[in-house]
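Chain by chain, the residues:
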Amino acid sequence: MEKFDVPKPNHPLVTHIFTADPSAHVFEGKIYIYPSHDLDHDSPSNDNGDQYAMEDYHVLSLDNLESPVVDHGQVLHLKDIPWASKQLWAPDAAYKEGIYFLYFPARDHDGIFRIGVATSASPAGTFIPQPTYIAGSYSIDPAVLVDDDNQAYIYFGGLWGGQLEKWQTGNFEPEAAGPAAEAPALGPRVAGLSEDMLSFEGAPREISIVDENGSPILAGDEDRRFFEGPWVHKHNGWYYLSYSTGTTHKLVYAVSRNPMGPFTFKGTILTPVIGWTTHHSIVRFQDKWYLFYHDSSLSDGVNHKRCVKYTELHYNEDGTIRTIDPYGN
Ligand code: FUB
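The structure reproduced in this document is the subject of the present report. Computed from a prediction, not measured in an experiment: that's the story for all the values here.

The rules behind these values
All residue numbers refer to positions counted from 1 along the written sequence of the respective chain. A pLDDT threshold of at least 70 governs which residues receive local features in this predicted model, and a stricter bar of 80 or more applies before side-chain atom pairs are shown or counted, although totals over entire chains, interfaces and linings include all residues. By convention in this description, side-chain values take in all heavy atoms of the structure and omit both hydrogens and water. Under the scheme used here, helices are H or I runs from DSSP no shorter than 4 residues and strands are E runs no shorter than 2 residues, and both carry numbers assigned from the N terminus. Values of the radius of gyration come from C-alpha atoms, whereas the globule rule sets the reference at 2.2 Å times the count of residues to the power 0.38. Only protein chains enter the accessibility calculation, which uses a 1.4 Å probe; a residue whose area is less than 20% of its type maximum is buried, one above 50% is exposed, and one in between is partly exposed. Residues are treated as being in contact if the distance between any of their heavy atoms lies within 4.5 Å. Throughout, the Shrake-Rupley method with a 1.4 Å probe supplies accessible areas, and for residues the shown protein chains are the sole cover considered. Working convention for charge: Lys and Arg count positive, Asp and Glu count negative, and His plus the chain ends are omitted. All charge positions are set by atom: Lys at NZ, Arg at CZ, Asp at CG, Glu at CD. Residue proximity to a molecule or strand is established when one non-hydrogen atom of the residue lies within 4 Å of it. Think of a polar contact as two N or O atoms within 3.5 Å of one another; within protein, one of them needs to be a possible hydrogen donor and the other a possible acceptor, and neighboring residues in sequence only count if both atoms come from side chains. Under the grouping applied here, Gly and all other residues not named as nonpolar or charged are polar, the nonpolar ones being Ala, Val, Leu, Ile, Met, Phe, Trp, Tyr, Cys and Pro and the charged ones Asp, Glu, Lys and Arg. Strand pairing requires that DSSP identify at least two bridges connecting the strands. Salt bridges are defined as contacts in which a side-chain nitrogen from Lys or Arg sits within 4 Å of a carboxyl oxygen from Asp or Glu. Residues enter a nonpolar core if they are buried and are Ala, Val, Leu, Ile, Met, Phe, Trp, Tyr or Cys, with the set joined through side-chain atoms within 4.5 Å. Between rings of Phe, Tyr and Trp, where Trp is taken as its six-membered ring, a pair exists when centres lie within 6.5 Å; planes separated by under 30 degrees are stacked, by over 60 edge-to-face, and by other angles tilted. Axes, fitted as lines to C-alpha atoms, cover a helix only where it is in contact. Angles between the N-to-C directions of the axes lie from 0 to 180 degrees.

Next up on the list: the overall build of the chain. Broken down by element type, the chain carries zero helices and 22 strands. For 329 residues, the compact-globule formula gives about 20 Å, and the C-alpha radius of gyration of the chain, at 18 Å, lands near that figure. Considered along the principal axes of its C-alpha atoms, the chain spans approximately 50 × 50 × 45 Å. When burial is assessed residue by residue, the chain has 57% of its 329 residues classed as buried. Considering only contacts in the chain between residues 6 or more positions apart, those separated by 24 or more positions represent 53%. Taken as a whole, the chain presents about 13,200 Å² of accessible surface, with 47% of it coming from carbon and sulfur. Computing the positive centroid from 23 side-chain charges and the negative centroid from 44, the chain places the two 3 Å apart.

See below:
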């Protein structure tokens, strides 16, 4: 365990390692952050995401936002996950009945992204992985919501390197492309989690994201269509589904009264950051709301060498979220 400086809003939480994809939660009265741990390498970059070659996870925590950041060190390594071959991408964590769960995507030994789960008695790990990935799981970027009635939902999915296009028939089709520009975009997937949080309750369903008239957001609508990094939080009885638009580099959101949707598109949360990817989480701590996100400022713009940051998030009276410019322009 190592302690670092008190973080400032919109500055890197830590600089001793590259971090990305922050999933923040309040556990035991503190903020815990579950990021990806980016590796410093010079291998080529491509649309398949081969440059994101991460091999382990660290956990960060803060007693509050005026306290030093703690790095709890390595909490799970690729070599300890029997079913995984490479690329530990964006994780999330959840808590239920005395157990902490870390959900994470990785490629299996056939190169197909799956989602695994590991458990710990502490939010700071270490985490012990289940021997196999979650049956019926695919693609990337798991995010878990434990609802007020204790039913847990797992949201996931990502285009391109995340392989969501390849699952349109329900089977993995290695050559499948995404829908045509004028067809409905692919939505993220959602499944209920079983009582023990270790498996899906039934097959995952596709979430529909619609515009203000109830028409599906189209695949060619790159300012609004889902790309990757889903996150769901609840505010005043509404479910907020937020996600990255990928090619247009925004974080946007849609709302619903139902955790499984359909969700109605609302607007932009975060304008583009330095670096290609944008990925986030939203958490309430001591009656304020915070956005955790990343950019590539710590490496002067190298896409796979990112740093996690936070900033306060504000709702308008009508429940919409105020757009944030991370560089204050
Ligand atoms: O960190 C690897 C991938 O980049 C994540 O899974 C995506 O959401 C994007 O941030």
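Let's shift gears to the site of the ligand. Taken together, Asp21, Met54, Trp89, Ala90, Ile140, Asp141, Glu228, Thr277, His279, His294 and Arg306 are the residues near the ligand. Here an oxygen atom of the ligand sits 2.5 Å away from a polar atom, N or O, in the side chain of Asp21. One of the side-chain N or O atoms of Asp141 is found 2.5 Å from an oxygen atom in the ligand. Residue composition of the shell around the ligand, by class: four nonpolar, three polar and four charged.

The subject of this paragraph is the sheet that holds strand E1 (residues 2–3). Strand order in the open sheet formed by five strands is E1-E5-E4-E3-E2, with antiparallel pairing between adjacent strands. With partners counted over all chains shown, the strands left at the sheet margins are E1 and strand E2 (18–27), one partner each.

Another point: the pattern of salt bridges. Under the counting rule described, the total for this entry stands at 17 salt bridges. Taking the shortest distance from any N to any O, the salt bridge between Glu212 and Arg224 comes out at 4.0 Å. With Glu212 in the loop between strand E15 (209–210) and strand E16 (228–235) and Arg224 in the loop between E15 and E16, this residue pair connects regions lying twelve residues apart in the sequence. Its relative accessible area of 61% is what places Glu212 among the exposed residues. The exposure class of Arg224 is partly exposed, given its relative accessible area of 25%. A salt bridge links Arg225 to Glu222; the shortest N-O distance between them is 3.9 Å.

Turning our eyes to something else, we now look at the nonpolar core. The biggest cluster of nonpolar side chains holds 38 residues, and the ones touching the most others in it are Tyr103, Val144, Ile154, Leu193, Met197 and Ile209. Residue assignment for this core shows that the elements contributing at least two residues are strand E8 (99–108), strand E9 (113–120), strand E11 (143–146), strand E12 (152–156), strand E13 (189–193), strand E17 (238–244), strand E18 (251–256) and strand E19 (263–270). Ranked by residue count, the leading element in this core is E12, at five residues. Excluding anything up to four places from it in sequence, Ile154 contacts Tyr103, Ile115, Pro142, Ala143, Val144, Arg189, Val190, Ala191, Leu193 and Phe200. Of all hydrophobic cores here, the second largest spans 20 residues; its members include Val59, Trp83, Tyr100 and Leu102.

What follows covers the packing of aromatic side chains. Under the defined criterion, the tally for this structure stands at 24 aromatic pairs. Aromatic pair Tyr52 and Trp89: ring centres 6.0 Å apart, planes at 90 degrees, arrangement edge-to-face. Here Tyr52 is found in the loop between strand E3 (30–38) and strand E4 (56–62), whereas its partner Trp89 is found in the loop between strand E6 (84–86) and strand E7 (92–96), with 37 residues between them in sequence. The class for Tyr52 is buried, based on a relative accessible area of 9%.

The next subject is the environment of Asp92. Position of Asp92 among the secondary structure elements: in strand E7. Note: C-alpha distance between Asp92 and Pro131 (39 residues apart in sequence) is 18 Å. If we ignore the near neighbours within four places in the chain, the residues touching Asp92 are Ser23, His25, Phe101, Leu102, Tyr103, Pro142, Ala143, Val144 and Trp231. Here His25 takes part through its side chain, which lies 2.7 Å from a polar atom of the side chain of Asp92.

It is worth spelling out the sheet that holds strand E20 (residues 280–285) at this point. The strand order across the open sheet formed by three strands is E20-E21-E22, and the pairing between neighbours is antiparallel. Either end of the sheet is taken by a strand with one partner, and the two such strands are E20 and strand E22 (307–313). On average, adjacent strands in this sheet sit at an angle of 25 degrees to one another, irrespective of strand direction. Both strand E21 (residues 288–295) and E22 contribute to a ladder of seven bridges, which runs antiparallel. When the bridges of E22 are listed, Tyr293 appears paired with Lys309.

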